[in-house]
Amino acid sequence: MSSCIVIGGGAAGMMAAYRAAQRGHKVLLLEKNEKLGKKVYITGKGRCNLTNACDTEDFFSSVVTNPKFLYSAVYGFGPDDIVKLLNTYGCPTKVERGNRVFPVSDHASDVIFAMQRALKEVGVQVRLDTTVSRIFFENHAVSGVECKNGKRLYADNVIVCTGGVSYPSTGSTGDGYRFASEAGLSVTERYPALVSLTCRESWCRDLAGLSLKNVQVTLMDGKWKVFQNFGEMLFTHHGVSGPLILSASSYYTGRYAGRELPLYIDLKPALSAEQLDKRLLRDFEANLNKQFKNALDQLFPSGLIPVMIRLSEIDPSRKVNDITREERRAFGDLIKALPLTVTGTGGFEEAIITQGGVDVKEINPSTMESKTVKGLYFAGEVLNLDALTGGFNLQIAWSTGFLAGDSVM
C-alpha cells in the first residue's frame, strides 16, 4: 500500500486519516495546533452539533453552495455512518430539535476523544505543533510536503484538510488556498458565512440582546425572495444575529456582499393579516381607556414595545379608543413586516464557516482528488462548499474526508 500525509487535524482531516489507514495505507496526520479538532471543540457552543439526522435528500436542500458535488461523498458516508462510527468508539449520540445530533454528554471533547481512539486503532501517526509550509510535486504528481522547520516528508498522496479562514484563532489561516494555488488550482473569492448581519437602522442598538422566537425572516432583492424561514433571532449592537439570521447570511454573503437589501421580520407568522387585525381589535377593546403605550404588553416583549410605537408613528399617549381602523391596520402591517436594511455581515473572526474556496470544478467529486495533480486531495471547508446551521457543515467535513481517505491509491 502507499503512504499518505493528511494536512490538518480537524473533522475532515481526522476522518480522511482514519479511512486511509483503515484501508491499509501508511498515514501521517500533521496538525499545526497543540491538539486535534480545535474548531470542533467550539461547534454547537461547545456541545458539537456533529451532524443532522434528516433524510438524505433534505440534507442536500440545506447545502447552499455546490450541493450536487457532494452526492458521492454523502451517499458514501452519511449521517448514520458518522453516528455509528462515534458510537463504536465510545461516543453515544442523541437527536434534538431540527434533527440536530449531539453527543449524549453535551461535550464536544467526547467527539474528539472518539476520533482519537479510532485513529489509534488503525495506526495513524499524529504529529502536533507541525506546520506545513508547502507541498512539492514531481511530474504533475505529489511527492511530499515541507514543514516550517525545513524538514521534508515524502508521501505518495497528500490530503489537504486545512479548513477555511473563519475563526482564525483555531488555526484556520487559509493555508490550503495557498497550497491549491501553488498546485495550479483555482480558488474562488472567500466570504464570511453563518455570520451576523449588519443593519442601517440605529434602533437595533436599542434592542441589543433581545431574542425573538417563532418569527419569520424574509430577505428580498426586488421582488425576489433571497431567503425566507421561521425560527429564532437576536438583535445586536450592529444589526441582527441568531440561528435564523446566520442561515440568511449564507444567501446574502458572496452574491450580495456590499449591497443593501431589505429584510422583513414577521413577528406573528402564525396569524394572517386578517387574524392579526382581529387580535389587535380584541386587545384594543379590552384596553379602551388605556394609552397606546400601555396596551401592547400581550403582543410583544417589553423591550420591543418602545421601538414598535416609534415606528408606528402613533402618539404613545393616545387613548386606544382614539386609534382609527386605518392606523390599526397599518400597525398590523408593521407587525407582519418589521423592516430592516441589511448593509453587510460580520467578519471572519465571528463567522462559523467560510463561503468560497478551492473550486470544485477542478476536483473529482467521486474521489476528492485534483483533476490535474495526481495524489493531491482536498476535503472539508477548504473546498467551495457550505451549508446552513444544524450539523450540515460538519457532515460535509466527515463525508468528504472519508471519501478522500477511501480514494488514495
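Residues numbered from 1 in each chain as written. Predicted model: local features only at pLDDT ≥ 70, side-chain atom pairs only at ≥ 80, totals over all residues. Heavy atoms only, no water.

1. What about the overall build of the chain?
Line of reasoning, step 1. What the chain contains, in helices and strands, is 12 helices and 21 strands.
Line of reasoning, step 2. The principal-axis extents of the C-alpha atoms in the chain amount to approximately 85 × 40 × 35 Å.
Line of reasoning, step 3. Within the chain, counting contacts between residues at least 6 apart in sequence, those at least 24 apart form 72% of the total.
Line of reasoning, step 4. For the chain, the accessible surface area stands at approximately 17900 Å², while carbon and sulfur atoms represent 48% of it.
Line of reasoning, step 5. Averaging the locations of the 46 positively and 43 negatively charged side chains of the chain gives two centres separated by 2 Å. (Helix = DSSP H or I, 4+ residues; strand = E, 2+ residues; numbered from the N terminus. Contact = heavy atoms within 4.5 Å. Areas by Shrake-Rupley, 256 points an atom, 1.4 Å probe, with all protein chains shown as cover. Lys, Arg positive; Asp, Glu negative; His and termini not counted. Charge placed at Lys NZ, Arg CZ, Asp CG, Glu CD.)

2. A look at the sheet that holds strand β9 (residues 141-147)
Line of reasoning, step 1. Within the open sheet, the three strands sit side by side as β8-β9-β10. Their pairing is antiparallel. Taken across any chain shown, the strands that pair with only one partner, and hence form the sheet edges, are β8 (132-138) and β10 (152-154). Averaged over neighbouring strand pairs, the angle between their axes works out to 30° when direction is ignored.
Line of reasoning, step 2. Sheet analysis places β9 next to β10, joined by three bridges and oriented antiparallel. (Pairing = 2+ DSSP bridges. Axes fitted to C-alpha atoms, helices over the stretch in contact; angles between N-to-C directions.)

3. A word on the nonpolar core
Line of reasoning, step 1. Counting 84 residues, the largest nonpolar core has Phe-378, Leu-383 and Trp-398 as its most contacted members.
Line of reasoning, step 2. It is helix α1 (residues 11-22) that contributes the most residues to this core, nine residues altogether.
Line of reasoning, step 3. Not counting the four nearest positions on each side in its chain, Leu-383 is found in contact with Phe-69, Gly-356, Gly-357, Val-358, Val-360, Ile-363, Met-368 and Phe-378.
Line of reasoning, step 4. The next biggest cluster of nonpolar side chains, apart from the first, holds 46 residues, and it includes Phe-235, Val-240, Leu-304 and Ile-314. (Core = buried A, V, L, I, M, F, W, Y, C linked by side-chain atoms within 4.5 Å. Buried < 20%, exposed > 50% of the residue type's maximum accessible area, 1.4 Å probe, protein only.)

4. As for the packing of aromatic side chains
Line of reasoning, step 1. All chains considered together, the criterion is met by 13 aromatic pairs.
Line of reasoning, step 2. Considering the side-chain rings of Phe-60 and Tyr-75, the 5.6 Å spacing of their centres and the 45° angle between planes classify their relative orientation as tilted. Placement of the pair is Phe-60 in helix α2 (residues 56-61) and Tyr-75 in helix α3 (residues 71-76), with a sequence separation of 15 residues.
Line of reasoning, step 3. A relative accessible area of 6% places Phe-60 in the buried class.
Line of reasoning, step 4. Relative to Phe-331, the ring of Phe-300 lies with its centre 6.1 Å away and its plane at 90°, an arrangement referred to as edge-to-face. Linking Phe-300 in the loop between α9 (273-286) and α10 (305-312) with Phe-331 in helix α11 (residues 325-336), this pair joins segments that are 31 residues apart in sequence. (Phe/Tyr/Trp six-rings, centres within 6.5 Å; stacked < 30°, edge-to-face > 60°.)

5. Some points on the pairing of strand β2 (residues 26-30)
Line of reasoning, step 1. With four of its five residues buried, β2 lies for the most part within the structure.
Line of reasoning, step 2. With respect to chirality, the unit in which strand β1 (residues 3-7) leads through α1 into the neighbouring parallel β2 is right-handed.
Line of reasoning, step 3. Bridge count for β2 against strand β7 (residues 125-127) is three bridges, and the pairing is parallel. Among the inter-strand pairings, Leu-29 is bridged to a residue of β7, identified as Val-126. (Right-handed = clockwise from strand over helix to strand, strands pointing away.)

6. Section: the pattern of salt bridges
Line of reasoning, step 1. Evaluated as defined, the whole model comprises 21 salt bridges.
Line of reasoning, step 2. With a closest N to O distance of 2.9 Å, Arg-328 and Asp-277 form a salt bridge. You can see Arg-328 sitting in helix α11 and its partner Asp-277 sitting in helix α9, a full 51 residues away along the chain. Here the two residues Arg-328 and Asp-277 agree in accessibility, since each one is buried.
Line of reasoning, step 3. Look at the salt bridges and you will find they share partners, linking Arg-47, Lys-94, Glu-96 and Asp-106 into a network. (Salt bridge = Lys/Arg side-chain N within 4 Å of Asp/Glu carboxyl O.)

7. Description of the pairing of strand β11 (residues 157-160)
Each regular strand shows side chains that alternate between the opposite faces of the sheet.
Line of reasoning, step 1. Of the two faces of β11, both are covered, the one formed by Asn-157 and Ile-159 as well as the one formed by Val-158 and Val-160.
Line of reasoning, step 2. Where β1 meets β11, four bridges bridge the pair, whose relative direction is parallel. Residue pairing across strands places Val-6 opposite Ile-159, the latter belonging to β11.
Line of reasoning, step 3. Where β11 meets strand β20 (residues 376-378), three bridges bridge the pair, whose relative direction is parallel. Paired with Ile-159 across the bridge in β20 is Tyr-377.

8. Describing the sheet that holds strand β15 (residues 224-235)
Line of reasoning, step 1. With antiparallel pairing, the six strands of this closed barrel are ordered in space as β13-β16-β15-β14-β17-β18. With strand direction ignored, the average angle separating the axes of adjacent strands in the sheet is 45°.
Line of reasoning, step 2. Lying over the sheet, helix α8 (residues 243-252) contacts β13 (197-199), β14 (211-221), β15, β16 (239-241), β17 (261-266) and β18 (338-345), oriented at roughly 150° with respect to β15.

9. Quick notes on the side chain of Ser-250
Line of reasoning, step 1. Residue position: Ser-250 is located in helix α8.
Line of reasoning, step 2. In this structure Ser-250 touches Val-64, Ala-193, Leu-194, Gln-355, Asp-386, Ala-387 and Leu-388, once residues within four positions along its chain are discounted.

10. Topic: the packing of α10 against α11
Line of reasoning, step 1. Interaxial distance between α10 and α11 falls to 10 Å at its minimum, and their mutual angle equals 125°. Looking at the two axes, α10 sits oblique to α11. Handedness of the α10/α11 crossing: right-handed. Residues Met-308, Leu-311 and Ser-312 of α10 lie in contact with α11, whose contacting residues are Phe-331, Leu-334 and Ile-335.
Line of reasoning, step 2. Within the contact of α10 with α11, the residues separate by chemical class into five nonpolar, one polar and no charged. (Parallel < 35°, antiparallel > 145°, perpendicular 65-115°, else oblique. Left-handed = near helix turned anticlockwise from the far one by under 90°. Nonpolar A, V, L, I, M, F, W, Y, C, P; charged D, E, K, R; others polar.)

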